[in-house]
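Residue-level listing of the chains:
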Amino acid sequence: MINFNRIAPVYDTLSKLVYGNALMNARSCFLNKLPESGIVLNIGGGSGEVLQHLLELRPGLKVDFIETSDKFIALAKRKLNPELLNRVHFIHGNENSIEAAKKYEAVITFFIVDLFPQNDAEEFCTKIISHLKSDGVWLFADFIQPKSLFQKLLLKFMYQFFRLITNIPASQLPDYDSIFQKLYMSEINLQFFYNEMISSKILKRV
């Protein structure tokens, strides 16, 4: 089972050492496209780096924050202003922890789909999108196929490191486009970061 507890206390620091502000910028660039009210699913939210910004930007939104690492959840709670805590439902679990009948105005997956091999990534995305309302949006940010030799070596090292430390099952990036097509999700907005090694997207149903 994937477990980020061993690296949770230093994850943000390591990320910034390698990628600067690219991961944070990728997470936050389309938050202003979220609906004004309702409930958002933020799954694999890590330490909740953008949670404060999200809640301040959209005062009418509430968030179901699902994370497998209890240490990440503790960090996310500490980062939030106390008056915002009542708008976040923290859930220690995974995609199977979502209430069966629950539907969301938006789902957010930041740097989580890349943790899974292709078949598992398809199952994961199919599961969470089944909880998205018909007019809802999917905020997606993740690493994409690198172009330069440096980026390819960096991606290879990342997978080797996280397979060792967190027990992720993947060893290469999944084919996101095939997943989007199977789920009938169409790209509405796109932005690249870190010399096009990272992409952020908003997707809606075709």
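One can find the structure itself at the top, above this paragraph.
Computed from a prediction, not measured in an experiment: that's the story for all the values here. (Residues numbered from 1 in each chain as written. Predicted model: local features only at pLDDT ≥ 70, side-chain atom pairs only at ≥ 80, totals over all residues. Heavy atoms only, no water.)

Caption draft 1: Structural context of the sheet that holds strand β1 (residues 37-43). Strands sit in the order β3-β2-β1-β4-β5-β7-β6 across an open sheet of 7 strands; the sheet is mixed. With one partner strand each, in any of the chains shown, β3 (88-92) and β6 (185-193) form the two edges of the open sheet. Averaged over all pairs of adjacent strands, the angle between their axes in this sheet comes to 15 degrees, without regard to strand direction. Bridge count for β1 against strand β2 (residues 60-67) is 7 bridges, and the pairing is parallel. For Ile43, the partnering residue across the bridge sits in β2 and is Ile66. (Pairing = 2+ DSSP bridges. Helix = DSSP H or I, 4+ residues; strand = E, 2+ residues; numbered from the N terminus. Axes fitted to C-alpha atoms, helices over the stretch in contact; angles between N-to-C directions.)

Caption draft 2: Representation of the pairing of β1. A crossover connection joins β1 to the parallel β2 through helix α3 (residues 51-57); in handedness this β-α-β unit is right-handed. Pairing between β1 and strand β4 (residues 104-110): 4 bridges, direction parallel. Following the sheet pairing, Ile43 is matched in β4 by Thr109. (Right-handed = clockwise from strand over helix to strand, strands pointing away.)

Caption draft 3: The nonpolar core, seen in detail. Judged by nonpolar contacts, the single largest core of 75 residues is most densely connected at Phe4, Tyr19, Leu34, Trp138, Phe143 and Ile198. Considering each element in turn, this core owes the most residues, 7 residues, to strand β5 (residues 132-143). Beyond its immediate chain neighbours, meaning those up to four positions away, Tyr19 contacts Phe143, Leu154, Met158, Tyr194, Met197 and Ile198. (Core = buried A, V, L, I, M, F, W, Y, C linked by side-chain atoms within 4.5 Å. Buried < 20%, exposed > 50% of the residue type's maximum accessible area, 1.4 Å probe, protein only. Contact = heavy atoms within 4.5 Å.)

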